[in-house]
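Below, each chain spelled out in residue letters.
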Amino acid sequence: MAQMEKSSADDAGTETDAATGAAGDDWEAERMQLRSDLGSRMKAMRQACGFTLEAAAQRTGLALSTIHKIENGRVSPSYENLVRIARAYDIGMERLFSSDHEAHQTTRMTVTKAGEGRKVRSKNFEYEVLCNALAEKKIIPLVTRVEKRAPLKPEELESHDGEETLYVLSGRIELVVEHYQPVTLGPGDCAYFDSTLKHGLRALDDEEARIFWACTYIDVDK
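In this report, we go over the structure that sits alongside the text. Remember, predicted model here, so these are calculated numbers, not experimental data. (Residues numbered from 1 in each chain as written. Predicted model: local features only at pLDDT ≥ 70, side-chain atom pairs only at ≥ 80, totals over all residues. Heavy atoms only, no water.)

Okay, the pairing of strand 3 (residues 139-146) next. A large share of strand 3 lies buried, amounting to six of its eight residues. Judged from the five bridges that link them, strand 2 (residues 125-129) and strand 3 form a sheet pairing that is antiparallel. Looking at strand 3, one finds that Y127 is bridged to T144. Strand direction decides the pairing type here: strand 3 and strand 9 (residues 209-216), joined by eight bridges, are antiparallel. Each bridged residue has a counterpart across the sheet, and for I140 the counterpart in strand 9 is C215. (Buried < 20%, exposed > 50% of the residue type's maximum accessible area, 1.4 Å probe, protein only. Helix = DSSP H or I, 4+ residues; strand = E, 2+ residues; numbered from the N terminus. Pairing = 2+ DSSP bridges.)

If you want it as structure tokens, here you go:
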């Protein structure tokens, strides 16, 4: 009987491992597809603007090799790099996430149902871009899953024009903004900061950390 129970337990463990492995394979395939789709749209946008890779690199301030790797789905761009590229191409950032925007929209209101946002994967974050159907927005709303990693080094912090606010939905995160002490935020906590200051986020625990994150894409006074 004991041998039978052990065998059953081993079988259950094997099935669990197989299910976990399959889920991991599915996510890896989805991640690669998201990266490829984003790269293809970014290449199409660059070519529509009439920019060579060299011109795009000069306008964005990014290395030519970085743009080439993004367009070919070999790396995932950070949010800051997405902002740089969209501004350099003089387009709304939502056009990098979807190619089906009308050239001239008349609507100024849109709704995203739960879980239906456009997903974008970067190195340390998974973004769900909300209300993506509305072009030329002044605020980019995101639900973001923040990954756990080691304490942030100064060279890992990034900056860009604009302002940001975030609200923690689950888990604990550490927000690092230059000139200020790192702050730990939990569910219900909110922060607002100047995006031109170098900044970064990381999850502190194994528990999933999710935030609502809103960033101004252009100066609101323009």
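Turning to the sheet that holds strand 6 (residues 183-185), a few remarks are in order. Strand order in the open sheet formed by three strands is 6-5-8, with antiparallel pairing between adjacent strands. Taken across any chain shown, the strands that pair with only one partner, and hence form the sheet edges, are strand 6 and strand 8 (199-203). In this sheet, neighbouring strand axes are inclined to one another by 25° on average, regardless of whether the strands run parallel or antiparallel. As paired elements, strand 5 (residues 173-177) and strand 8 share five bridges and run antiparallel to each other. (Axes fitted to C-alpha atoms, helices over the stretch in contact; angles between N-to-C directions.)

Considering all chains together, one arrives at six salt bridges under this definition. Between K148 and D206 there is a salt bridge, with its nearest N and O atoms 3.2 Å apart. Of this pair, K148 sits in the loop between strand 3 and strand 4 (163-170) while D206 sits in the loop between strand 8 and strand 9; the two residues are 58 residues apart in sequence, bridging distant segments of the chain. Looking at K148, the relative accessible area reads 48%, which means it is partly exposed. (Salt bridge = Lys/Arg side-chain N within 4 Å of Asp/Glu carboxyl O.)

Most of helix 4 (residues 79-88) sits inside the fold, with eight of its ten residues counted as buried. A positive phi of about 60° marks D90, the residue just after helix 4.

This part covers the environment of V146. Inspection of the secondary structure puts V146 in strand 3. By relative accessible area, V146 is classed as buried at 3%. Sequence-wise, V146 and R210 are 64 residues apart; in three dimensions their C-alpha atoms are separated by 6.1 Å. Dropping the residues within four chain positions of it, V146 is found in contact with N124, F125, I173, L201, R202, A203, A209 and I211. (Contact = heavy atoms within 4.5 Å.)

Ranked by internal contacts, the top residues of the largest apolar core, which has 43 residues, are M93, L96, L166, I173, L201 and W213. The leading source of residues in this core is helix 4, at six residues. For W213, the residues in contact, after removing those within four places along its chain, are F125, Y127, I140, P141, L142, T144, E164, T165, L166 and L201. (Core = buried A, V, L, I, M, F, W, Y, C linked by side-chain atoms within 4.5 Å.)

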